[in-house]
Amino acid sequence: MDEQRALEITRSLIGDLFGGHFDTVSVRFWDGSTLPDEDSRRATIVLNHPGALRAMLLPGDELSLAESYLYNDIDIEGDLEAVFDLAIDLQQQMEGWRQKLDLATQLLRLPSPAERHTMRGRARLNGRQHSLRRDRQAIAYHYNVSNDFYRLWQDSHMVYSCAYFCSPDDDLETAQQQKLDHLCRKLRLQPGQTLLDIGCGWGGLVIHAAQSYDAQVTGITLSEPQAEEANRRIREAGLEDRARVVVQDYREVQPPQRDDAIGFDALVSVGMFEHVGEALLPTYFRQAWELLRPGGAFLNHGIARRATDSLPRGRTFSNTYVFPDGELVPIGTTIRVAEEASFEVRDVESLREHYARTLRCWVRNLEAHHDEALRYVDEPTYRVWRLNMSGSAHGFTSGRNTVYQTLLVKPHADGSLGLDGSGLPFTREDWYNAPADSNSGEIPY
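This text gives an overview of the structure that appears in the document. Quick caveat: nothing in here was measured; it's all calculated off a predicted structure.

Some thoughts on the packing of helix H11 (residues 281-291) against helix H13 (residues 331-340)
The contact between H11 and H13 brings their axes to 9 Å, and the two run at 50 degrees. Viewed along their axes, H11 and H13 adopt a mutual orientation that is oblique. By crossing handedness, the relation of H11 to H13 is classed as right-handed. Seen from H11, the contacting residues are Leu 281, Pro 282 and Phe 285; seen from H13, they are Thr 333, Thr 334, Val 337 and Ala 338. Its residues assigned to classes, the contact of H11 with H13 comprises five nonpolar, two polar and no charged.

Structure, rendered in structure tokens:
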């Protein structure tokens, strides 16, 4: 087929399929022509060759849309987040078999895309899902890409989770600092208390809790590069006597034994919960219960999906290129399983808007460091993160996803509660207030 005929077919199909989105998205073809006009939009989809639309829409699932971008059949200029309403609409238009058949008949008239190559490739895990061995493979696939790559677009603490914006004017650095304090305040950490950070990443919270709250902190991760970087930063801060990070699965941790009690004074899990898997949630919360001393608090921070949304069918971009074996559950499921493990729920806070803002900060930083990023990863890998974080920002903005901090406590055998022997506070405000610094008498904020 000559390119002119391919252009005619492509322009006709795009006019039919994209028409309702031309207020925000325009299309530029390989010959330089555009639809609907040459005016700028929030985003421009660039078709790089005559077979680009075929690459996008065959076989007509989420993964084909994503891979057409990852492998440069198409490019997306401008605000990538703006194309997700169109992407969702395209998937809905192709849900029926008749629609798919009609569209496929026309797409097959276009040239086949070229062979694709990347350093990263699709995730290929083996073994039983959520076994210790397979979970290590899943974590390595996402987190062992390159510490230097992650450092380019995160804050100086390398916190890879939702920040906490107290003001619209807060930058990412300020908001992540506030998030670390927000976590420690909710836990009401006291000097000398023991804290376990489950899924500690590069150690930002471990270091903050040891440095600002004088806690004895252990962090665990399944990523060796993360642990190496975290312990380097701990040594650099002179905190080896109060903080450490080890490569360990949460199921392998043993509760510390002390004269007065068995277990950690507090537990925290931030951004790890999504890797557990719904079938393993009872194991996760039972293990947390065993690791925590009576009266202790557990702050669980995790992304959730809406209970009204059905689970995706077939291959998804996230499970194939981003978080293999990752699973999101509704907040009601989380609370139910936590209560079945005997935890008492004291507070649940949604940070949905905060995560959308965090992700946009990361995307801007990543895009600003595109050329430097290619020193550590190839172009398709860079695009995986740009696409995932932009899509996640859209998901949090639309409400398809949210993120919750759930504060749980472990009652004493008689049902009483007390983190310091005085009982739980009456108000949420007191939960969020850090204990007075032992030296200055001031709240370290």
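Side note on the sheet that holds strand S2 (residues 34-35)
The strand order across the open sheet formed by four strands is S2-S1-S3-S4, and the pairing between neighbours is mixed. Two strands lie at the open edges of the sheet, namely S2 and strand S4 (74-78), each paired on one side alone. Examined bridge by bridge, strand S3 (residues 43-47) and S4 share five bridges and lie antiparallel to one another. Within S4, the position partnered with Ala 43 by the bridge is Gly 78.

Overview of helix H5 (residues 97-107)
Buried within H5 are the following residues: Leu 103, Ala 104 and Leu 107. Here the buried residues of H5 occupy an arc of 105 degrees about the axis, which is enough to place them on one side. At its buried positions, H5 is contacted by helix H1 (3-18) and helix H2 (52-57).

Digging into the nonpolar core
Counting 79 residues, the largest nonpolar core has Phe 18, Leu 47, Leu 57 and Trp 153 as the members making the most contacts within it. Residues Leu 183, Ile 207, Val 268 and Val 409 belong to the second largest nonpolar core, which totals 29 residues.

Considering the side chain of Asp 61
Looking at the element boundaries, Asp 61 is found in the loop between H2 and helix H3 (62-70). Reaching out from Asp 61, the side chain makes a polar contact with the side chain of Arg 315 at a distance of 3.0 Å.

Here's the deal with the pattern of salt bridges
Overall, the coordinates contain 29 salt bridges when judged by the stated rule. Here Lys 186 and Glu 349 are joined by a salt bridge, their closest N and O atoms 2.6 Å apart. One end of the pair, Lys 186, is in helix H8 (residues 172-187); the other, Glu 349, is in strand S10 (residues 344-350), with 163 residues separating them in the sequence. Overall, the relative accessible area of 14% leaves Glu 349 in the buried class. For Arg 233, the salt bridge identified is with Glu 229, shortest N-O distance 3.9 Å. Taken together, the residues span about one helical turn, with Arg 233 and Glu 229 both in helix H10 (residues 224-236) at a distance of four residues. Summarising the burial analysis for this pair, Arg 233 and Glu 229 share the class buried. What emerges from the salt-bridge pattern is a single network uniting Asp 148, Arg 151, Glu 229, Arg 232, Arg 233 and Glu 236.

A closer look at the pairing of strand S8 (residues 264-270)
Here S8 lies mainly inside the structure; seven of its seven residues are buried. For the crossover from S8 across H11 to strand S9 (residues 292-305), the handedness is right-handed.

Cut-off values and rules
- Residues numbered from 1 in each chain as written.
- Predicted model: local features only at pLDDT ≥ 70, side-chain atom pairs only at ≥ 80, totals over all residues.
- Heavy atoms only, no water.
- Axes fitted to C-alpha atoms, helices over the stretch in contact; angles between N-to-C directions.
- Helix = DSSP H or I, 4+ residues; strand = E, 2+ residues; numbered from the N terminus.
- Parallel < 35°, antiparallel > 145°, perpendicular 65-115°, else oblique.
- Left-handed = near helix turned anticlockwise from the far one by under 90°.
- Contact = heavy atoms within 4.5 Å.
- Nonpolar A, V, L, I, M, F, W, Y, C, P; charged D, E, K, R; others polar.
- Pairing = 2+ DSSP bridges.
- Buried < 20%, exposed > 50% of the residue type's maximum accessible area, 1.4 Å probe, protein only.
- Arc of directions from axis to C-beta.
- Core = buried A, V, L, I, M, F, W, Y, C linked by side-chain atoms within 4.5 Å.
- Polar contact = N/O pair within 3.5 Å; in protein donor to acceptor, adjacent residues only side chain to side chain.
- Salt bridge = Lys/Arg side-chain N within 4 Å of Asp/Glu carboxyl O.
- Right-handed = clockwise from strand over helix to strand, strands pointing away.

In short, the description is geometric, and any link to function would need to be established separately.
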